[in-house]
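A look at the structure
Residue-level listing of the chains:
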Amino acid sequence: MDAVIKKFMPPSAYMEKPVTDRPTEAEAEAAVRTLLRWTGDNPDREGLVDTPKRVVKAYREMFGGYDKCPAEELGRTFEEVAGYDDLVLVKDITFHSHCEHHMVPIIGKAHVGYLPDGKVVGLSKIARVVDIFAQRLQTQEAMTAQIAGVIQDVLNPRGVAVMVEAEHMCMAMRGIRKEGSTTLTSTFTGVFKDTPEEQVRFVTMVRGGRG
Ligand SMILES: Nc1nc2c(ncn2[C@@H]2O[C@H](COP(=O)(O)OP(=O)(O)OP(=O)(O)O)[C@@H](O)[C@H]2O)c(=O)[nH]1
Ligand SMILES: [Zn+2]
């Protein structure tokens, strides 16, 4: 377990350049002032004087995932589930993330399923894992694989299925400007990877069918 936690605890393989020497709040606020000037506005006008402070505070919250360990969230499991060993699916987990290319929002939903092997985890912990990875700079592909990877490694279930559907604001607000387009990604491990019928069952249940 320790080795597993280490693997997912920042700095980890999931953060290419983990920062160990963070700038001070004052330095971060100065950077926001520079960006305000870069937009063409005046950081000294009344409406903007407190903005650097607010932005830095908001960043702490929106990027809080760098200070949390997803493997730890999954550490507490329950074995008393009356022999239940079929699919557990937590769907429509809403999340807000930021793309690592433009640092603008990715807004979407994650659907996470697993086939337990003797133990289950609290349902809220699945949503917490989604949030931790969402609150880092991301690509949708990496985030999907990370959610599946940590659940597979820590719970060691018979299989994990993760589907993420999201809208990327960098494609809506700028650049190609395609509003409303959704990107879908999925990762399957174990039984889900090996058995196409299990993948179909997962997708059917995500889409609201009985599976
Ligand atoms: N694969 C993947 N691409 C993403 C994700 N989020 C944003 N992107 C894309 O990352 C790419 C970055 O492309 P670049 O050409 O380096 O940057 P850019 O000039 O800002 O690109 P445009 O958005 O096409 O204007 C863009 O095509 C984005 O749409 C993601 O989660 N996954
Ligand atoms: Zn982007």
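Residues numbered from 1 in each chain as written. Chains lettered and ligands numbered in written order. Predicted model: local features only at pLDDT ≥ 70, side-chain atom pairs only at ≥ 80, totals over all residues. Heavy atoms only, no water.

If you check an unreviewed UniProt entry, the chain appears there as GTP cyclohydrolase 1 from Mesorhizobium wenxiniae. You can read under Catalytic activity (unreviewed entry) in the UniProt record for the chain the words "GTP + H2O = 7,8-dihydroneopterin 3'-triphosphate + formate + H(+)". (UniProt positions renumbered as here; feature names shortened; annotations may be inferred.)

Here we take up the sheet that holds strand β7 (residues 183-188). Consider a sheet: its strands pair through backbone hydrogen bonds, and that pairing is either parallel or antiparallel. If you trace the 5 strands from one edge of the open sheet to the other, you get β5-β2-β3-β6-β7, paired in mixed fashion. Looking at the sheet topology across the chains shown, the edges are occupied by β5 (137-138) and β7. In this sheet, β7 lies alongside strand β6 (residues 159-168) in antiparallel orientation, the contact comprising 6 bridges. Note that in β7 the partner of V162 across the bridge is T187. Contacts between helix α5 (residues 123-134) and the sheet are confined to β2 (88-99), β3 (105-115) and β5, with β2 contributing the most and set at about 20° to the helix. In the packing of helix α9 (residues 196-206) onto the sheet, contacts are made with β2, β3, β6 and β7, and the angle to β3 comes to roughly 130°. (Pairing = 2+ DSSP bridges. Helix = DSSP H or I, 4+ residues; strand = E, 2+ residues; numbered from the N terminus. Contact = heavy atoms within 4.5 Å. Axes fitted to C-alpha atoms, helices over the stretch in contact; angles between N-to-C directions.)

On to the site of ligand 1. Contacts to ligand 1 come from C99, H101, H102, T139, Q140, E141, H168, C170, M171 and R174. Take H102: an N or O atom from its side chain is 2.6 Å from an oxygen atom of ligand 1. Within the side chain of R174, an N or O atom sits 2.8 Å from an oxygen atom of ligand 1. Isolated, ligand 1 exposes 620 Å² of accessible area, and the fraction of that covered by the protein chains is 50%. Counting residues per element, the ones that place at least two in the shell around ligand 1 are α6 (140-155) and α7 (169-172). A class-by-class count of the residues in the shell around ligand 1 yields 3 nonpolar, 5 polar and 2 charged. (Near = heavy atom within 4 Å. Polar contact = N/O pair within 3.5 Å; in protein donor to acceptor, adjacent residues only side chain to side chain. Areas by Shrake-Rupley, 256 points an atom, 1.4 Å probe, with all protein chains shown as cover. Nonpolar A, V, L, I, M, F, W, Y, C, P; charged D, E, K, R; others polar.)

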